[in-house]
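# Architecture at a glance
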Amino acid sequence: MPPFLVDAHLDLAWNARALGRDLTLSLEALRAQDPHPDTPLVTLPSLKEAGVALAFATLFADPREGAREDWEEEVYAQLALYEAWERGGLVRVLRERADLLAHLERFPQDGVLGLVLLLEGAHALEAPEDLRPLRKRGLRLLSLTWATGNAYAGGNAEPGPLTAKGQALLQEMAALGVALDLSHLAEEAAWEALEAYRGPVCATHANCRALVPSERHLSDGLLRALAGREGVLGLVPFNAFLDPAWKRGMPRLPLEAFLRHKAHAEALMGGGRVGLGTDWDGGFGLEATPQGLDRHRDLCALGDEGFLGGNWLRWLLGWF
Ligand SMILES: [Zn+2]
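Rules used throughout
Residues numbered from 1 in each chain as written. Predicted model: local features only at pLDDT ≥ 70, side-chain atom pairs only at ≥ 80, totals over all residues. Heavy atoms only, no water. Donors = N, O, S within 2.8 Å, 3.2 Å for Na, K, Ca; no water. Tetrahedral: all angles 85-135°; square planar, octahedral: opposite > 155°, others 65-115°. Buried < 20%, exposed > 50% of the residue type's maximum accessible area, 1.4 Å probe, protein only. Salt bridge = Lys/Arg side-chain N within 4 Å of Asp/Glu carboxyl O. Helix = DSSP H or I, 4+ residues; strand = E, 2+ residues; numbered from the N terminus. Pairing = 2+ DSSP bridges.

The name given to the protein chain in an unreviewed UniProt entry is Membrane dipeptidase, with Thermus arciformis as the source organism.

Pasting the structure below:
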């Protein structure tokens, strides 16, 4: 039996809406017609051919464009798109534990992708209570920021602390059963959030700061703290996140550039705490991935069953 693949970060609805990509096409067909300079890596059929069983699918609105009302509208439009895919039989949205357990039974037969919904950045929420309607429709994961700082916390590109409003949102998350994604938090805010929030934590898409010095990635201390909280790290096969010297336009890096991050994270966290969070196609394409990683089916060469999906699945089953 092929491994049970889990990808902990895919901006599927953002690709469909912001980039106008038809993700129901085969990857070849999308590549043949897509006008963007970044060659696409993901469509729903490319996930299916690889046997991806589960993905954390984002609701994401760019906080650098428009105002809060626009972000909220976009988040709900992306949610509606996932629901439309579900009605069309393309995906299953896993809202409650029973959905996850039923999916584990059904997936080996029908190969339908399961989605766990992740709000990437809380900037669309006017108040912590605004999380409730999203939770009702299936949201199970949230990262407080996306790069920029906001009313809730400092981000990787705009450092700052966790705010009082951020504390209140963490309380709401714990009460509703929404897990915390540490990705994109400023170092200071990440430590404060770990302290304030006692529910399930993870990092859906981040690499090792020891190898790429940027607040976008997790310090050794945070990696150890995440493992101490039984969290899982999703590693990103994106060249700019693997080697600080790599710039757009340069040749693709060898696969070893990715395996170095995997080895570093596993040494600190233990092998059972590291998995995949590809972030394909979250603002880059084929030109920016390591050699040999052209689509999801190529990821199977990167690790064992735990790394490819078992570790994320065990984490989910612990709290979902
Ligand atoms: Zn994303």
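## Examining the coordination of the zinc ion
With distances of 2.1 to 2.7 Å, the protein atoms coordinating the zinc ion are H9 (NE2), D11 (OD), D11 (OD) and E120 (OE). Coordination geometry of the zinc ion: the four donor atoms subtend angles of 51 to 131° at the metal centre, consistent with an arrangement described as irregular. Sequence spacing of the donor residues for the zinc ion, all on one chain, is H-x1-D-x108-E. Residue classification places H9 among the buried positions, given a relative accessible area of 0%. For D11, a relative accessible area of 5% corresponds to the buried category.

## Some words on the pattern of salt bridges
Per the counting criterion, the structure on display carries 19 salt bridges. One salt bridge connects R17 with E74, and the closest N-O pair in it is separated by 2.8 Å. Of this pair, R17 sits in helix α1 (residues 12–18) while E74 sits in helix α4 (residues 68–87), and the two are 57 residues apart along the sequence. A relative accessible area of 42% means that R17 is categorised as partly exposed. Put simply, E49 and R297 hold a salt bridge, and the shortest N to O gap is 3.2 Å. A residue pair is termed long-range when its members are at least 10 positions apart, and E49 in helix α3 (residues 44–50) and R297 in the loop between β9 (274–276) and α11 (305–317) qualify at 248 residues. Several salt bridges converge on common partners, so that one network encompasses E28, E49, R295 and R297.

## A look at the pairing of strand β2 (residues 52–59)
Across the eight residues of β2, eight count as buried, placing the element largely inside the fold. In this sheet, β2 lies alongside strand β1 (residues 5–10) in parallel orientation, the contact comprising four bridges. Following the sheet pairing, V6 is matched in β2 by L54.

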